[in-house]
Structures are given as C-alpha cells and as structure tokens.
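Coordinate inspection notes
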Amino acid sequence: MGSAPWNVESSVALRQGVRGVDVRLPLLGLGVYQTPRGEKTRRAVSAALRAGYRHIDTARLYGNEEDVGRAVRESGVPRAEVFVTTKLWNDDHGYDPTLRAFEESDRRLGFGYVDLYLIHWPVPGRRNDSWRAMERLLAEGRCRAIGVSNFLPRHLDDLARTSPVTPAVNQIELSPFLGQRETVRVCEARGIVVEAYSPLTRGKRLRNPVVADVARLHGKTPAQILIRWSLEHGFVVLPKSAREDRIRQNAEVFDFALSFDDRARLDALDEDLHTDWDPTGVP
C-alpha cells in the first residue's frame, strides 16, 4: 500500500449516521466520471487504492459501478476502509423507482450497502419523492449517508420544506474559476459538507498564469494547486484521472499550504466557469 492520505485529520464527519455510528468522509477522492467501463476503470481504482486513496466516487450514469466494486474487492483493502459514493440518475426519480435504482446500483457494486447515495441532479417535480425513498434507505442502513449533487440554494430550500432530513453532502462543480459562493455559504450554514467535482476545470485552466505562478512558488503542479485550493476552502475534492502517475500526483497535496496571498489571487479568478452541467436554469 502507498502512504495513505486518508486518516482522521484528512476526513470530515458527516451529520448522518446509522445507529449512532460516526461516518467520516475522506477529503480526497477519485472521481470516475467518463472513465470507460471495464479495465480502464478497474485499473484507475486499483491505482488509487495503492496510492492511499480511500474514497471512490461513481454513479449509475457513469456505467462503471460494477468495475468500481470489483476493483475494491480485489484490492486487498478492507471494504470498511473504502468510502464509496454512487448516485441516482434522472430517469430513476420517484419513490419506488428510486428504491429500484438503488437496488440495481447496490447489486452492481456488490457490497451490500453504499456509504453515500446522492441525487445526481435536481429534477423538478420528482426530487422530493426520491428523497423520501432515500430517507428510507438511510433508516434501513442500506446507505450510511444520503445527499445531493448540483443543488442550488432554492433546491435545498424546496427539499427542506418537505423533509426534516438535511442532506449530508452537496456535490457541486467548484474551482477558483467557479466559486459558487452563495451555494457554499448556504451549505456551510446548514452543516452540509460541500464536495468539489471537476476541480481541475477539465483541463481548461491548468495553464492559467496565476495558477502556474503559484505552482512554481510551491514546487507543485497546477493540478495540485487547484486541489489544494479546494481543501483549504474546506471542500471534499474529487479529481478525476485514469493515469496512475496523475492519480499519485493528485494525492500529494497534504505536505504544503497556500499562503493568504496565494488564496486571494486564486479566489480572484472566479469567472463563473461551468465546464460541465449548469443547474442555474433548473426550477
């Protein structure tokens, strides 16, 4: 095994837990969005676990849940040490459809439970029924925690009007170029852990001169600077790569800190850059 970046100091406690069991989410995870199913996903997950990652983020939409489950089982790392997230896709919203979709995801993963189950997208008119089903899964111990993804404050408000259960997590796109400050503020006020997906801007801003200069000052790569930015803002961060060398590099972010000036320069880069989905128009 590699030198694991996961420990109590580099994880965050979630507000939910089953029967009083503390649930801790590692601050660094491997995202497998657009990693092709089959051998490429299995190799990426295996490389991440060898490098010390203990957090893997997949989804029904990605088509690689089965490969994630196989790689975790074959890794030699005890299942209880690996935090696995998957997500409910848009076609599966509704109370009974959500329960069925979860069963299928759980079957593909092959674990018998999921650490974190998220609503992938705030589908209007159906998301609250889906959330009720997820509350049931949480109460039954099928999930250790439940949360949402791509939810803006109005979507969180809508959920709160119909449910006493606050999401443990909101997974949104975040980087210095997309700060989403109001959503982050609302999540922090409600005790919702914020997860940053596409923290590397899908490569679109890795050559930005400010990022490059901060990287030079610290002897780090631009990708490592962007990951560290998320960590220092208190976000759980999910860099995605299928290359073993990049996967290892992306974990080497716990041995340095950004200065106040570094953070200010990076924060000033915010340009509302959505590199993937933008839920702004979703009612």
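Here, every reference points to the structure presented above.
This section reports on the structure supplied with the text. Per chain, residues are indexed from 1 in the order of the written sequence. Totals for whole chains, interfaces and linings use every residue, but because this is a predicted model, local features are given only for residues with pLDDT of at least 70 and side-chain atom pairs only at 80 or more, for both listing and counting. Note that water and hydrogens are dropped before the side-chain values are worked out from all heavy atoms of the structure.

**As for the pattern of salt bridges**
What counts, and what does not: A carboxyl oxygen of Asp or Glu within 4 Å of a side-chain nitrogen of Lys or Arg is what we treat as a salt bridge. Strands are runs of DSSP state E lasting at least 2 residues, helices are runs of H or I lasting at least 4, and numbering of each runs from the N terminus. For the exposure calls, accessible area comes from a 1.4 Å probe over protein chains only, and a residue counts as buried if that area is under 20% of its type's maximum, exposed if over 50%, partly exposed in between.
Counted under the stated rule, the structure contains 29 salt bridges. For Asp 158, the salt bridge goes to Arg 161, with nearest N and O atoms at 3.6 Å. Here Asp 158 pairs with Arg 161, and both are found in helix α5 (residues 153-162), just three residues apart, close to one helical turn. Classification of Arg 161 by relative accessible area gives exposed; the value is 62%. Two residues, Asp 245 and Arg 243, come together in a salt bridge whose shortest N-O distance is 2.8 Å.

**Regarding the sheet that holds strand β4 (residues 55-57)**
The cut-off we apply is this: Paired strands, as defined in this entry, are two strands with at least two bridges between them according to DSSP.
Judged by pairing direction, the sheet is parallel, and its eight strands sit side by side in the order β3-β4-β5-β6-β7-β8-β9-β10 without closing on themselves. Only two strands of the sheet have a single partner each, and these edge strands are β3 (30-31) and β10 (236-238). Bridge count between strand β8 (residues 169-173) and strand β9 (residues 193-197): five bridges; the pairing is parallel. The residue of β9 that forms the bridge with Val 169 is Val 193.

**Some details on helix α4 (residues 127-139)**
For the α-helix, the turn length of 3.6 residues means that residues three or four positions removed from each other point alike. The condition that has to hold: By this rule, a helix spans an expected 1.5 Å times one less than how many residues it contains. By definition, residues are in contact when any of their heavy atoms lie within 4.5 Å.
Taking 1.5 Å per residue as the helical rise, α4 with its 13 residues ought to reach 18 Å, and the 18 Å between its terminal C-alpha atoms agrees with that figure. Those residues of α4 that fall on the buried side of the exposure criterion are Arg 127, Asn 128, Ser 130, Trp 131, Ala 133, Met 134, Leu 137 and Leu 138. At its buried positions, α4 is contacted by β5 (83-88), α3 (95-109), β6 (114-119), β7 (143-149) and α5. Gly 141 occupies a position one or two residues after α4 and carries a positive phi of about 80°.

**Some details on the packing of helix α2 (residues 65-74) against α3**
We apply this condition: Axis lines are fitted through C-alpha atoms, for helices just across the contact stretch, and the angle between N-to-C directions can take any value from 0 to 180 degrees. Angles are sorted into four bins: roughly parallel if under 35 degrees, roughly antiparallel if over 145, roughly perpendicular if 65 to 115, and oblique for all others. Charged means Asp, Glu, Lys or Arg here, nonpolar means Ala, Val, Leu, Ile, Met, Phe, Trp, Tyr, Cys or Pro, and polar covers whatever is left, Gly included.
Contact geometry of α2 with α3 gives a least axis separation of 7 Å together with a crossing angle of 40°. Here α3 runs oblique to α2, going by the angle between their axes. The residues of α3 that touch α2, namely those facing Glu 65, Glu 66, Val 68, Gly 69 and Arg 73, are Ser 105, Arg 108 and Leu 109. Each residue belonging to the contact of α2 with α3 can be placed in one class, and the counts come to two nonpolar, two polar and four charged.

**What about the layout of surface pockets?**
Rules: Buriedness of a pocket was judged along seven lines, with at least five required to meet protein on both sides within 12 Å; pockets are open sets of points on a 1 Å grid over the protein atoms alone, cavities are sets where a 1.4 Å probe fits but cannot get out, and lining residues have an atom within 4 Å of a point. Grid points are joined across faces, edges and corners, and a volume is the space filled by probe spheres set on the points.
Looking at the largest pocket, its volume works out to about 550 Å³. Leu 200, Arg 202, Pro 239, Lys 240 and Ser 241 are, among the 32 residues lining the largest pocket, the residues nearest its centre. In terms of residue count, the dominant contributor to the lining of the largest pocket is helix α9 (residues 244-251) (three residues). A per-class count over the lining of the largest pocket returns 12 nonpolar, 13 polar and seven charged.

**Details of the side chain of Ser 11**
How we decide: We define a polar contact as two N or O atoms separated by no more than 3.5 Å, with the added condition that, inside protein, one atom must be a possible hydrogen donor and the other a possible acceptor, whereas residues neighbouring each other in sequence contribute only through side-chain atom pairs.
Within the secondary structure, Ser 11 sits in strand β1 (residues 11-13). Overall, Ser 11 belongs to the buried group, its relative accessible area being 7%. For Ser 11, the side chain forms a polar contact with the side chain of Arg 24, separated by 2.8 Å.

**Examining the packing of aromatic side chains**
Going by this rule: Each Phe, Tyr or Trp ring (for Trp, its six-membered ring) is paired with any other whose centre lies within 6.5 Å, and the angle between the two planes then decides the class: stacked below 30 degrees, edge-to-face above 60, tilted in between. In our convention, an over-ring charge means Lys NZ or Arg CZ found within 6 Å of a ring centre and within 35 degrees of that ring's normal.
Within the structure shown, the criterion is met by six aromatic pairs. On the basis of an interplanar angle of 45° and a centroid distance of 5.2 Å, the ring pair of Tyr 33 and Tyr 62 is categorised as tilted. Of the two residues, Tyr 33 is situated in the loop between β3 and α1 (39-51) and Tyr 62 in the loop between β4 and α2; the sequence distance between them amounts to 29 residues. Judged by its relative accessible area of 23%, Tyr 33 falls in the partly exposed class. With 5.0 Å between their ring centres and 75° between their planes, Phe 102 and Tyr 117 make a pair best called edge-to-face. Residue Phe 102 is found in helix α3, and its partner Tyr 117 is found in strand β6; the two are separated by 15 residues along the sequence. Among the aromatic residues, those joined into a ring-pair cluster are Tyr 33, Tyr 62, Trp 89, Trp 121 and Trp 277. Cation over ring: Arg 205 sits above Phe 177, and NZ or CZ is 6.0 Å from the ring centre. Its guanidinium or amino end placed over the ring of Phe 256, Arg 228 lies 5.9 Å from that ring's centre, counting from NZ or CZ.

**Remarks on the nonpolar core**
Definition in use: Residues enter a nonpolar core if they are buried and are Ala, Val, Leu, Ile, Met, Phe, Trp, Tyr or Cys, with the set joined through side-chain atoms within 4.5 Å.
Counting 80 residues, the largest nonpolar core has Leu 14, Leu 30, Val 45 and Tyr 117 as the members making the most contacts within it. Residues in contact with Leu 30, not counting those within four places in the same chain, are Ala 44, Val 45, Ala 48, Tyr 53, His 55, Ile 56, Asp 57, Pro 239, Ser 241 and Ile 247.

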